[in-house]
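Coordinate inspection notes
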Amino acid sequence: MATSIFAGCNRNLGIFDYNSNLKIAAYGSHNTISISSPIIEDGKYNAKTQIIRTLTNHNGEITNVMWLHDTNILLSGCQDGDVNVWKFNGIDDVQLLQSMKPTSGSISCIGTTGNAKDLEVVIGDSRGRLFYYKQNEGGDFEEVTQFELPYGFYAMALSVVNVSTKERIIIAGGSKPAIHVLNVDLDTKEINLETSLTGHDDWVRSITIRELEVTMKTVDGVTYPKRTVIFATGSLDRIIRLWKLTIEDSSKPVYIETNKLKLLTSKEFKFETDSNRYVIFLDAILMGHDDWISTVSWKPTSSDSEQDLLLLSSSADSSIMIWKSDPVSGVWFPDIRLGDIAIKGASTATGSSGGFYTSQWIVDESGNEIILTNGKTGSFRCWTRADEKEQFKSINTYTGAIRPITDINWYQGEYALVTSLDQSTRLYALYEGKWFEFGRPQIHGFDMITVKPISGTRFVSAGDEKVIRVFDMPKNIAQMLNRVCGLRSLDSNSLNESLPESASLPVLGLSNKAALDNSSNSDEQNGDETNGLNKDINNEIMDSVQGPLLEDVLQRHTLWPEIEKLYGHGFEITTLDVSNDGKIIASACRSNVSKHAVIRNFNTNTWLETDKPLFAHDLTITRLRFSNKSEKEYLLSVSRDRKFSLWVRVGDDFELVAIKEKAHNRIIWDCAWTNFDDVVSFVTCSRDKEVKLWRKSDDSNEVECKGSIKFESSAVTAVDSAKLDDEGNFKLVIGLDNGEIYVYKVNVLNYSFDELRKVDSRDLPGDGISRISISPKVTDNTHTVAVGSKDNSLRFLVV
């Protein structure tokens with residue numbers, strides 16, 4: 001059972017949506033859809049809301065996620081042109097209703113119209129086409145018609161106006177400054193381009209519509225209703241434009257506004273169909289953001305009055321604005337600003353942080369307001385308030401990596417360190433029965449590959465860089481983890497006084513710097529800018545923490561200072577491990593020749609490499625593992641050359657015990673120890689779909705295969721073990737390249753394998769397993785297992 005799931009949100013517009021019936025959010029994470037627990041519980045925001053399951057049926061990266069109106073039907077669009085239709089009978093009961101493939105291009109946007117009984121969907125693709133689908137009596141969506149947009153234009157935002165039973169208006173923004181207005185005739189199944197709205201100077205990437213209250217007009221003695229739709233468009237030109245669309249019966253007399261000042265009236269875009277007459281004109285221009293506009297959306301209320309309208313906008317300048325109109329003059333102005341203050345002169349084009357992408361304004365029946373937005377780091381930012389008179393306050397929400405997980409390691413089962421190709425190292429700890437991210441010790445400029453704790457307050461990591469880096473936990477973070485998460489190993493009374501106060505990352509550097517007593521003064525004197533604040537502010541922020549951390553705190557205030565760099569490897573680091581006593585760091589790097597396929601060992605007392613590298617392999621070493629604690633300590637290495645090597649530690653040196661040629665038929669991906677007392681035993685797993693049990697002879701250095709498991713479905717990419725008793729029984733958790741996870745019991749004395757369970761499909765990721773790590777803590781004969789996947793997700797399972 002998955003207790004917690006962490007998966008970063010894809011960096012797209014329209015990538016997540018909220019369902020007011022189920023009170024849950026859904027967002028795209030790589031090729032899976034992450035489903036949250038209820039956001040609102042007991043009439044207020046649920047501060048413990050987490051991702052509780054993922055939906056897997058896509059092969060490419062998800063580009064759009066949208067709930068259909070007031071239904072429990074979810075649409076998800078993908079890079080490969082697939083659109084899946086999901087039905088939620090509840091959070092635990094989700095079924096895939098239909099898979100559509102309207103195009104071989106990427107799905108760029110989705111728009112909807114109709115009601116719960118008459119659902120219609122418009123899909124835009126990266127090849128400049130629109131596809132109109134309508135739900136039939138059987139509940140499936142059928143293509144009604146399609147339309148090719150003008151050359152060079154592909155839709156990035158779609159909104160649909162339901163005019164009548166047979167007529168729809170599509171408003172499309174995209175890869176040209178113009179906004180195209182199209183008419184859909186459901187009787188003839190034709191789509192026609194009626195007009196193109198000009199005014200923006202760059203791509204239009206967000207459109208939101210709201211129908212105002214109907215007004216009655218009398219012309220030549222004839223009284224008839226006049227419908228008005230107001231819609232906002234957000235563009236890369238940093239400007240928001242408000243437009244009004246009026247709809248009148250074409251058989252009625254034309255109403256002419258006589259009291260307007262012609263010089264101040266914008267150009268009107270007019271067109272007419274068989275049944276209706278349309279006029280579109282610019283109503284207002286909103287300027288205030290410093291970078292691309294990413295999302296615009298109206299506050300969800302039941303009022304149709306223009307005076308009650310509030311508009312939310314998010315931008316690449318990392319800000320959220322709420323706009324309202326002056327009741328007297330009608331001028332729109334920003335009433336509330338949330339988020340960050342942009343760095344002076346920074347923009348998306350000059351490498352700014354990327355700001356915010358999709359934003360949602362959630363209002364429940366109790367009046368709670370929640371603003372949720374995703375950012376470049378894959379995590380969300382959230383602000384809430386219970387009343388309009390209150391100020392919005394920032395609150396914790398979903399976090400996760402946005403690239404594949406590469407390594408996971410525990411420190412005594414109290415916290416887990418996780419690395420990812422998104423160039424970050426993250427710390428996860430348990431809070432009130434659930435796992436949360438409580439630190440981002442390292443934010444690097446290279447993809448991270450491997451990590452390992454040396455002690456409770458020190459770890460070593462490496463990645464696509466030739467350098468191994470060592471970090472110390474700041475004192476204020478240790479105190480926070482001890483206070484909030486109850487980590488006994490970080491008891492403040494036993495903390496080493498030499499631990500740094502806090503850390504910061506130089507703007508143009510890769511090394512986290514310790515913030516010492518005089519750090520703020522020395523930094524100013526040296527002209528060295530950092531993204532952190534001085535130690536007093538950091539301490540104040542950490543002292544105020546009472547629960548899971550906010551995203552901006554994780555990014556800025558949970559860095560660990562780097563204390564050492566270890567050199568010696570000639571290529572990117574692929575794996576490392578730390579001896580049981582914490583005195584030896586063993587590491588390896590990428591290689592296609594034996595000269596570089598060596599194991600280098602570093603002494604943590606001197607931070608110097610030991611005398612001799614260990615030669616045994618011809619290609620890249622994929623995993624290094626020190627044995628479990630016993631009389632003798634062994635080091636095991638497995639490699640792409642299909643060999644493993646076994647070494648025994650003698651002081652700070654190592655002696656070769658055995659090299660096994662062709663231990664598997666394909667690349668060996670991972671290994672795990674099953675040794676205890678004087679029994680030397682371990683397992684290896686490979687691309688050849690096998691897991692093999694090996695044991696060293698008691699009276700010689702001969703290592704033999706004593707048993708194996710063969711999987712038919714996929715290659716085995718990850719394995720870890722946990723001791724069950726003193727009779728030779730170990731629990732194995734095995735991960736496959738297709739995302740499947742199996743739990744086995746193996747006895748290393750009689751060499752038997754017994755399958756305990758296969759993890760339920762709803763708890764599995766949508767891509768291959770990249771790392772498995774079992775917590776050494778045992779609770780009621782169960783273990784917590786951290787599972788990392790190529791689908792960017794980290795899962796904590798109980799097995």
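Residues numbered from 1 in each chain as written. Predicted model: local features only at pLDDT ≥ 70, side-chain atom pairs only at ≥ 80, totals over all residues. Heavy atoms only, no water.

Moving on, we get to the overall build of the protein. Counting its regular elements, the protein contains 4 helices and 63 strands. The C-alpha radius of gyration of the protein comes to 30 Å, within 12% of the 28 Å expected for a compact globule of 799 residues. Overall size of the protein, expressed as C-alpha extent along the three principal axes, is 110 × 65 × 50 Å. Of all 799 residues assigned to the protein, the portion counted as buried reaches 60%. Long-range pairs, those at least 24 residues apart, make up 52% of the contacts in the protein between residues at least 6 apart in sequence. For the protein, the exposed surface amounts to about 32,200 Å²; the carbon and sulfur share of it is 45%. Counting 86 positive and 110 negative side-chain charges, the protein places the centres of these two groups 2 Å from one another. (Helix = DSSP H or I, 4+ residues; strand = E, 2+ residues; numbered from the N terminus. Rg over C-alpha atoms; globule rule 2.2 N^0.38 Å. Buried < 20%, exposed > 50% of the residue type's maximum accessible area, 1.4 Å probe, protein only. Contact = heavy atoms within 4.5 Å. Areas by Shrake-Rupley, 256 points an atom, 1.4 Å probe, with all protein chains shown as cover. Lys, Arg positive; Asp, Glu negative; His and termini not counted. Charge placed at Lys NZ, Arg CZ, Asp CG, Glu CD.)

Below, the discussion takes up the UniProt feature "repeat: WD" (unreviewed entry) in the protein. UniProt marks residues 55–89 and 286–324 with the feature "repeat: WD" (unreviewed entry), using the numbering shown here. The distance from the first to the last C-alpha atom of residues 55–89 is 14 Å, and the span holds 0% helix and 60% strand. (UniProt positions renumbered as here; feature names shortened; annotations may be inferred.)

With that out of the way, let us pick up the sheet that holds strand β32 (residues 380–385). Read across the open sheet, the 4 strands follow the order β30-β31-β32-β33; overall the sheet is antiparallel. One side of each edge strand has no neighbouring strand; the edge strands of this open sheet are β30 (356–363) and β33 (393–395). For this sheet, the mean inter-axis angle between neighbouring strands, taken without regard to orientation, is 25 degrees. (Pairing = 2+ DSSP bridges. Axes fitted to C-alpha atoms, helices over the stretch in contact; angles between N-to-C directions.)

Here the structure, examined in full by the defined rule, presents 30 aromatic pairs. Here Phe-380 and Tyr-398 contribute two aromatic rings whose centre-to-centre distance is 5.6 Å and whose plane-to-plane angle is 90 degrees, an arrangement assigned as edge-to-face. One end of the pair, Phe-380, is in strand β32; the other, Tyr-398, is in the loop between β33 and β34 (405–411), and 18 residues separate them in sequence. For the pair Phe-380 and Tyr-398, one class covers both residues: buried. Pairwise contacts between aromatic rings join Phe-6, Trp-410, Tyr-428, Trp-435 and Phe-796 into one cluster. (Phe/Tyr/Trp six-rings, centres within 6.5 Å; stacked < 30°, edge-to-face > 60°.)

What follows covers unusual backbone geometry. Phi is positive for His-69, close to 50 degrees, though the residue is something other than glycine. Assignment of secondary structure puts His-69 in the loop between β8 (62–67) and β9 (73–78). Residue classification places His-69 among the partly exposed residues on the basis of a relative accessible area of 34%. A positive phi angle, close to 50 degrees, is found at Lys-662, a residue other than glycine. Within the element layout of this structure, Lys-662 appears in the loop between β52 (653–660) and β53 (668–673). Since its relative accessible area comes to 61%, Lys-662 is described here as exposed.

Among the structural elements, Thr-558 can be located in the loop between α4 (551–557) and β43 (562–566). A relative accessible area of 1% places Thr-558 in the buried class. Each C-alpha atom, one on Thr-558 and one on Cys-705, is 46 Å from the other, the two residues being 147 residues apart in sequence. Contacts of Thr-558, omitting those with residues within four sequence positions, involve Phe-438, Gly-439, Arg-440, Pro-441, Ile-477, Met-542, Leu-549 and Val-553. Within the structure, the side chain of Thr-558 is placed 2.6 Å from the backbone oxygen of Leu-554, a separation counted as a polar contact. (Polar contact = N/O pair within 3.5 Å; in protein donor to acceptor, adjacent residues only side chain to side chain.)

Below, the discussion takes up the sheet that holds strand β16 (residues 155–162). Across the sheet, 4 strands lie side by side as β16-β17-β18-β19; this open sheet has antiparallel pairing. Looking at the sheet topology across the chains shown, the edges are occupied by β16 and β19 (190–197). On average, adjacent strands in this sheet sit at an angle of 25 degrees to one another, irrespective of strand direction. Pairing of strand β17 (residues 167–174) with strand β18 (residues 179–185) involves 6 bridges; the strand directions are antiparallel. The residue of β18 that forms the bridge with Ile-170 is Leu-182.

With that out of the way, let us pick up the pattern of salt bridges. Under the criterion given, the structure shown has 45 salt bridges. One salt bridge connects Arg-458 with Asp-472, and the closest N-O pair in it is separated by 2.6 Å. Note that Arg-458 is positioned in strand β39 (residues 458–463) and Asp-472 in strand β40 (residues 468–472), a separation of 14 residues in sequence. For Arg-458, a relative accessible area of 25% gives the class partly exposed. Taken together, the salt bridges that share partners define one network made up of Asp-422, Arg-426, Glu-437, Arg-440 and Glu-551. (Salt bridge = Lys/Arg side-chain N within 4 Å of Asp/Glu carboxyl O.)

It is worth spelling out the pairing of strand β62 (residues 782–789) at this point. Regular strands show a simple pattern: their side chains alternate between the two faces of the sheet. Along β62, 7 of the 8 residues are buried, which leaves the element largely enclosed by surrounding structure. Sheet topology places strand β61 (residues 769–779) next to β62; 7 bridges connect them, and they run antiparallel. Residue pairing across strands places Arg-771 opposite Gly-788, the latter belonging to β62. Here β61 folds back onto β62, and the loop between the two strands holds 2 residues, one of which, Asp-780, carries a positive phi near 50 degrees. Pairing between β62 and strand β63 (residues 794–798): 5 bridges, direction antiparallel. For Val-787, the partnering residue across the bridge sits in β63 and is Arg-795. Following β62, the chain reverses through 4 residues before pairing antiparallel with β63; Asn-792 in that reversal takes a positive phi of roughly 80 degrees.

As a further point, take the confidence of the model for the protein. Scored by pLDDT, the protein comes out at a mean of 89, with 91% of its residues at no less than 70. In the model, residues 517–533 has pLDDT below 50 throughout and makes 22 contacts with residues more than four positions away in sequence or in other chains. (pLDDT = per-residue confidence, 0-100.)

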